[in-house]
Amino acid sequence: MSKVATAARQTLGRMAAATTVDSTTLSNYGQIFTRHLDLSWTVDFAKKRIHGESTLLMQSRTRVSEIVLDTSYLDVSKVMVNGAKAEFTLGERQGPLGTPLTIKCGQIAEDTSVQVAIAYSTTEQCTALQWLTPEQTKGRKHPYMFSQCQAIHARSLMPCQDTPSVKSTFRAQVWSPLPVVMGAVPEGADAYERGAVRYKFVQNVPIPSYLTAIASGDLASCSIGPRSTVYTEPDMLLDCKWEFERDMERFIEVAEGLVFPYTWTLYNFVVLPPSFPYGGMENPNMTFATPTLVAGDRSNVDVIAHELAHSWSGNLVTNATWEHFWLNEGWTVFLERKILGRIHGEPQRQFDAIMGWNDLRESVDLFGKDHEYTKLVYKLGTNDPDDAFSTIPYEKGFNLLYHIEQTVGGPEAFEPFMPHYFEKFRNRSLVTDDFISTLYDFFTPRGLGDKLDSIDWNTWLYAPGMPPVEPNFDTTLADVAYDLASRWRRAASAPASEVRKLFSRSDVDKWTAGQQELFLDTLRSEGQGDAAPAATAAAHVKELGDIYGFAESRNAEILSRYYALCLDARATEFYTAIADWLGTVGRMKFVRPTFRSLNQADPELAVRTFRRFESNYHPICAAMVRKDLGL
Ligand code: BES
Ligand code: ZN
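Residues numbered from 1 in each chain as written. Chains lettered and ligands numbered in written order. Predicted model: local features only at pLDDT ≥ 70, side-chain atom pairs only at ≥ 80, totals over all residues. Heavy atoms only, no water.

Novice: Account for the overall build of the chain, with residues named and values stated.
Specialist: Check the secondary structure of the chain and you find 22 helices and 22 strands. Across its three principal axes, the chain shows a C-alpha extent of roughly 85 × 70 × 45 Å. Taken across its 631 residues, the chain has 60% of its residues classed as buried. Of the contacts formed within the chain by residues at least 6 apart in sequence, a portion of 72% connects residues at least 24 apart. Approximately 24,300 Å² of the chain is accessible, and the part contributed by carbon and sulfur atoms is 50%. Computed over 62 positive and 77 negative side-chain charges, the separation of the two mean positions in the chain equals 2 Å. (Helix = DSSP H or I, 4+ residues; strand = E, 2+ residues; numbered from the N terminus. Buried < 20%, exposed > 50% of the residue type's maximum accessible area, 1.4 Å probe, protein only. Contact = heavy atoms within 4.5 Å. Areas by Shrake-Rupley, 256 points an atom, 1.4 Å probe, with all protein chains shown as cover. Lys, Arg positive; Asp, Glu negative; His and termini not counted. Charge placed at Lys NZ, Arg CZ, Asp CG, Glu CD.)

Structure (structure tokens):
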């Protein structure tokens, strides 16, 4: 290795050292860690609780006399250590980090196994679960419940070491009156009592707590590939089958070719009710997905490619703390774009990168270019990781990997690093410095260490704002969108009747949904500069919607962008439709920006609309919108 490279690594090593401890867990995971977990749960729809028992098989690293676990709004009724009743205390609540559960375990020598059994119940304040009444489901006959644990909500579902640094295998048995899915391999059902069935699951790959997942409701299922099944409410089943069946196995095969074979056996997913707050969540063996993916035109399957890619980046190789979240998401976006690029060609990957760059710029503007959370590796302290969540780790992370790829000589030189990296950290958690040293260890013997030294690591990793290098993405697929946007700009002062003659549906007929989204984004960003008045949008927002059918789009990616233009233009005739639409979507990607824009256009309506739908939103989403609106 070159001298410079060694020096660079040492500096980075020192800087990263301070951030390898997870500041968002209260557990003493440095002294003792969980190796396996047995869950025995009952889903109680009437009380809106999960109750039951967890048995943690732990292993001490040092001598210990106390075990501290994370909890949040849990009722803990009993603790046993190695089969004997143990004393325990629940401490003071520490904001978003919850309440430490301290268990007296006697003197335990180092490197010893300990069995800890805990009986508990979730409570009404549980942030990991949403309970839906029958009226809040499609079928309107049965209740529904589902979990969302990332980043630090697992502690409100079960006592645990809620840090991505600790990974354990698990087995689960769950009693429920309705079908159950978990982030694990299903092992069927084996008992029936008083209206409830006992479902069994096993997870043989060690996973971090944030990947714990459960959903129960009126679920039907059907095959969408040789190793894939989709679950959803019965009346959505055939739409889901059509939406995903064409791509599912192809995605898995391409991903396997890029990294190495899929190790989790099955890749299934469940399409949840609209209040699911994310596009997708990569729960192992069972991705959880928003129903907004089912657009009727397969235009949102990229989200499935993304969640599938997490099977390597995130689920197998995991960020050790949430300050290194980019290792999960930046890598996943990078793999997602590789997968889609293999299928649709390199110009598609370049196009997606352009969209990502625009998202990145928007997020940096929203936080402000000096904000801590615009750094690739940021300091969280004891703050809630949900507050730091944005597209920055996704897109700045993607851009760093893309920049490294370019620097070492392009995809041909970079791609062999992918299986190496994911193999090296398989079943482990790592921080940014581990990634950098692995990169140097791989490329230095190949004579590329000096190339890596040319990267401005400190700025990329630790400086706020946009990346130090503005990439030159290929605009082959983007140009039509830019051109159409400038045609509309030139027509800004033309009367509506003229505009209706100048443009027609055929302008966008053959376009991908992504191109239409870029067109709308371009119109919008032109309207936001200080120099440019929101001319196009303000003058012709109605014509735009009528001519291209944006106002009727079933694709939330398009509809939300169109509504953003309407709100920027203060086109009041759309306000009612926009407010009503906010009652039909729960995915934060759409809900939060739409509320922010509505709040700028008509704050009173924004607050009234939020109050109207508040009880339908997921607790995580409601909390974020409340903050956004300053309530
Ligand atoms: N793991 C994330 C979702 C997440 C992140 C939940 C942090 C809670 C905390 C998931 O993989 C994701 O990134 N979803 C995106 C999909 C998109 C980037 C294709 C989403 O929800 O929009
Ligand atoms: Zn992701």
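Picking up where we left off.
Novice: So what about the side chain of Ser390? Which residues, and what values?
Specialist: Along the chain, Ser390 falls in the loop between helix 7 (385-388) and helix 8 (392-407). Judged by its relative accessible area of 10%, Ser390 is buried. Among the polar contacts made by the side chain of Ser390, one reaches the main-chain amide nitrogen of Ile392 at a distance of 3.0 Å. (Polar contact = N/O pair within 3.5 Å; in protein donor to acceptor, adjacent residues only side chain to side chain.)

Novice: Please set out the coordination of the zinc ion (ligand 2) residue by residue, giving values where relevant.
Specialist: Taken together, His306 (NE2), His310 (NE2), Glu329 (OE) and Glu329 (OE) make up the full set of protein donors to the zinc ion (ligand 2), lying 2.0 to 2.8 Å away. Considering all six donor atoms around the zinc ion (ligand 2), the spread of angles at the metal, 52 to 157 degrees, places the coordination shape in the irregular class. Here the donor residues of the zinc ion (ligand 2) share one chain and are spaced in sequence as H-x3-H-x18-E. Side by side, His306 and His310 carry an identical accessibility label, which is buried. (Donors = N, O, S within 2.8 Å, 3.2 Å for Na, K, Ca; no water. Tetrahedral: all angles 85-135°; square planar, octahedral: opposite > 155°, others 65-115°.)

Novice: Go over the pairing of strand 1 (residues 32-44), please, and point to the residues and values.
Specialist: When strand 1 meets strand 2 (residues 49-60), the two strands line up antiparallel, connected through 12 bridges. Within strand 2, the residue paired with Val43 across the bridge is Ile50. Between strand 1 and the antiparallel strand that follows it, strand 2, lie four residues; Lys48 among them carries a positive phi value of about 55 degrees. (Pairing = 2+ DSSP bridges.)

Novice: Could you give me a rundown of the pattern of salt bridges, with the residues and numbers involved?
Specialist: For the coordinates displayed, the defined rule picks out 38 salt bridges. One salt bridge connects Glu245 with Lys241, and the closest N-O pair in it is separated by 2.8 Å. Of the two residues, Glu245 and Lys241 are both situated in helix 2 (residues 237-245); the distance of four residues between them amounts to about one turn of the helix. Judged by relative accessible area, which is 27%, Lys241 ranks as partly exposed. Where Arg626 meets Glu614, a salt bridge forms, and the shortest distance between an N and an O atom there is 2.9 Å. (Salt bridge = Lys/Arg side-chain N within 4 Å of Asp/Glu carboxyl O.)

Novice: Tell me about the site of ligand 1, and please be specific about residues and values.
Specialist: In the neighbourhood of ligand 1, 16 residues make up the surrounding shell, with Gln150, Gly279, Glu282, Glu307 and Tyr394 lying closest. One of the side-chain nitrogen or oxygen atoms of Glu307 is found 2.7 Å away from an oxygen atom of ligand 1. Residue Glu329 places a side-chain N or O atom 3.0 Å away from a nitrogen atom belonging to ligand 1. Protein coverage of the free-state accessible area of ligand 1, which is 520 Å², stands at 90%. When contributions to the shell around ligand 1 are tallied by element, the ones reaching two or more residues are strand 19 (280-281) and helix 4 (302-309). Sort the elements by how many residues they give to the shell around ligand 1 and helix 4 lands first, with three residues. Considering only residue class, the shell around ligand 1 consists of six nonpolar, six polar and four charged. (Near = heavy atom within 4 Å. Nonpolar A, V, L, I, M, F, W, Y, C, P; charged D, E, K, R; others polar.)

Novice: Can you tell me about the sheet that holds strand 10 (residues 144-147), naming the residues and giving the values?
Specialist: In spatial order, the strands read 9-10-15-12; together these four strands make up an open sheet with antiparallel pairing. Looking at which strands have only one partner, the edges of the open sheet turn out to be strand 9 (129-132) and strand 12 (180-182). Averaged over all adjacent pairs, the angle separating strand axes in this sheet is 10 degrees, with direction ignored. Bridge count between strand 9 and strand 10: four bridges; the pairing is antiparallel. Residue pairing across strands places Trp131 opposite Met145, the latter belonging to strand 10. (Axes fitted to C-alpha atoms, helices over the stretch in contact; angles between N-to-C directions.)

Novice: Tell me about helix 21 (residues 603-613), residues and numbers included.
Specialist: Where helix 21 is concerned, the buried positions are Leu605, Ala606, Thr609, Phe610 and Phe613. Buried residues of helix 21, viewed axially, fall in a sector of 135 degrees; they line one side. (Arc of directions from axis to C-beta.)

Novice: Residue-level account of the packing of helix 6 (residues 346-367) against helix 8, with values.
Specialist: Relative to each other, helix 6 and helix 8 sit at 130 degrees, their axes nearing to 9 Å. Viewed along their axes, helix 6 and helix 8 adopt a mutual orientation that is oblique. Note that helix 6 runs across helix 8; the crossing there is left-handed. Mapping the contact onto sequence places Arg349, Gln350, Ala353, Gly356, Trp357, Leu360, Ser363, Val364 and Phe367 in helix 6 and Ile392, Glu395, Lys396, Phe398, Asn399, Tyr402 and Glu405 in helix 8. In terms of residue class, the contact of helix 6 with helix 8 is built from eight nonpolar, four polar and four charged. (Parallel < 35°, antiparallel > 145°, perpendicular 65-115°, else oblique. Left-handed = near helix turned anticlockwise from the far one by under 90°.)

Novice: With reference to specific residues and values, describe the pairing of strand 3 (residues 64-71).
Specialist: The buried count for strand 3 comes to six of eight residues, which makes it a mostly enclosed element. Sheet analysis places strand 3 next to strand 7 (residues 99-108), joined by seven bridges and oriented antiparallel. The partner of Asp70 across the bridge, within strand 7, is Pro100.

Novice: So what's going on with helix 10 (residues 417-424)? Residues and values would help.
Specialist: When helix 10 is considered as a whole, its buried residues turn out to be Phe417, Met418, Tyr421 and Phe422. Buried residues of helix 10, viewed axially, fall in a sector of 120 degrees; they line one side. Contact partners of the buried residues in helix 10: helix 3 (248-258), strand 21 (317-319), helix 5 (326-344), helix 9 (411-414), strand 22 (428-430) and helix 11 (432-443).

Novice: Requested: an account of the nonpolar core, with residues and values cited.
Specialist: As a rule of thumb, soluble globular proteins bury nonpolar side chains together. Within the largest apolar cluster, 206 residues are counted, with the highest numbers of intra-cluster contacts made by Met182, Trp331, Phe414, Phe435 and Phe519. When neighbours within four sequence positions are excluded, Trp331 is seen to be in contact with Ser313, Trp326, Leu401, Phe414, Phe417, Met418, Tyr421, Phe422 and Phe435. (Core = buried A, V, L, I, M, F, W, Y, C linked by side-chain atoms within 4.5 Å.)

Novice: Describe the packing of helix 3 against helix 4, listing the residues and the values that go with them.
Specialist: Their axes nearest at 10 Å, the elements helix 3 and helix 4 cross at an angle of 40 degrees. With respect to helix 4, the axis of helix 3 lies oblique. In this structure, helix 3 crosses over helix 4, and the sense of that crossing is right-handed. The residues of helix 4 that touch helix 3, namely those facing Met248, Phe251, Ile252 and Ala255, are Ile304, Ala305 and Leu308. Grouping the constituent residues of the contact of helix 3 with helix 4 by class yields seven nonpolar, no polar and no charged.

Novice: Hey, could you go over the packing of aromatic side chains for me, with residue numbers and the actual values?
Specialist: According to the stated counting rule, one finds 51 aromatic pairs in the structure shown. Relative to Phe590, the ring of Trp581 lies with its centre 6.4 Å away and its plane at 55 degrees, an arrangement referred to as tilted. By the burial criterion, Trp581 is buried, and Phe590 matches it. Between Arg337 and the ring centre of Phe398, over which it is positioned, the NZ or CZ distance is 4.6 Å. (Phe/Tyr/Trp six-rings, centres within 6.5 Å; stacked < 30°, edge-to-face > 60°. Lys NZ or Arg CZ within 6 Å of the ring centre and 35° of its normal.)

Novice: Explain the sheet that holds strand 3 to me, and be specific about the residues and the numbers.
Specialist: The three strands lie next to each other as 3-7-6, forming an open sheet whose pairing is antiparallel. Edge strands, defined here as strands with exactly one partner in the open sheet, are strand 3 and strand 6 (88-90). Neighbour-to-neighbour, the strand axes of this sheet turn through a mean angle of 20 degrees, independent of strand direction.

Read these as spatial facts, not as claims about activity.
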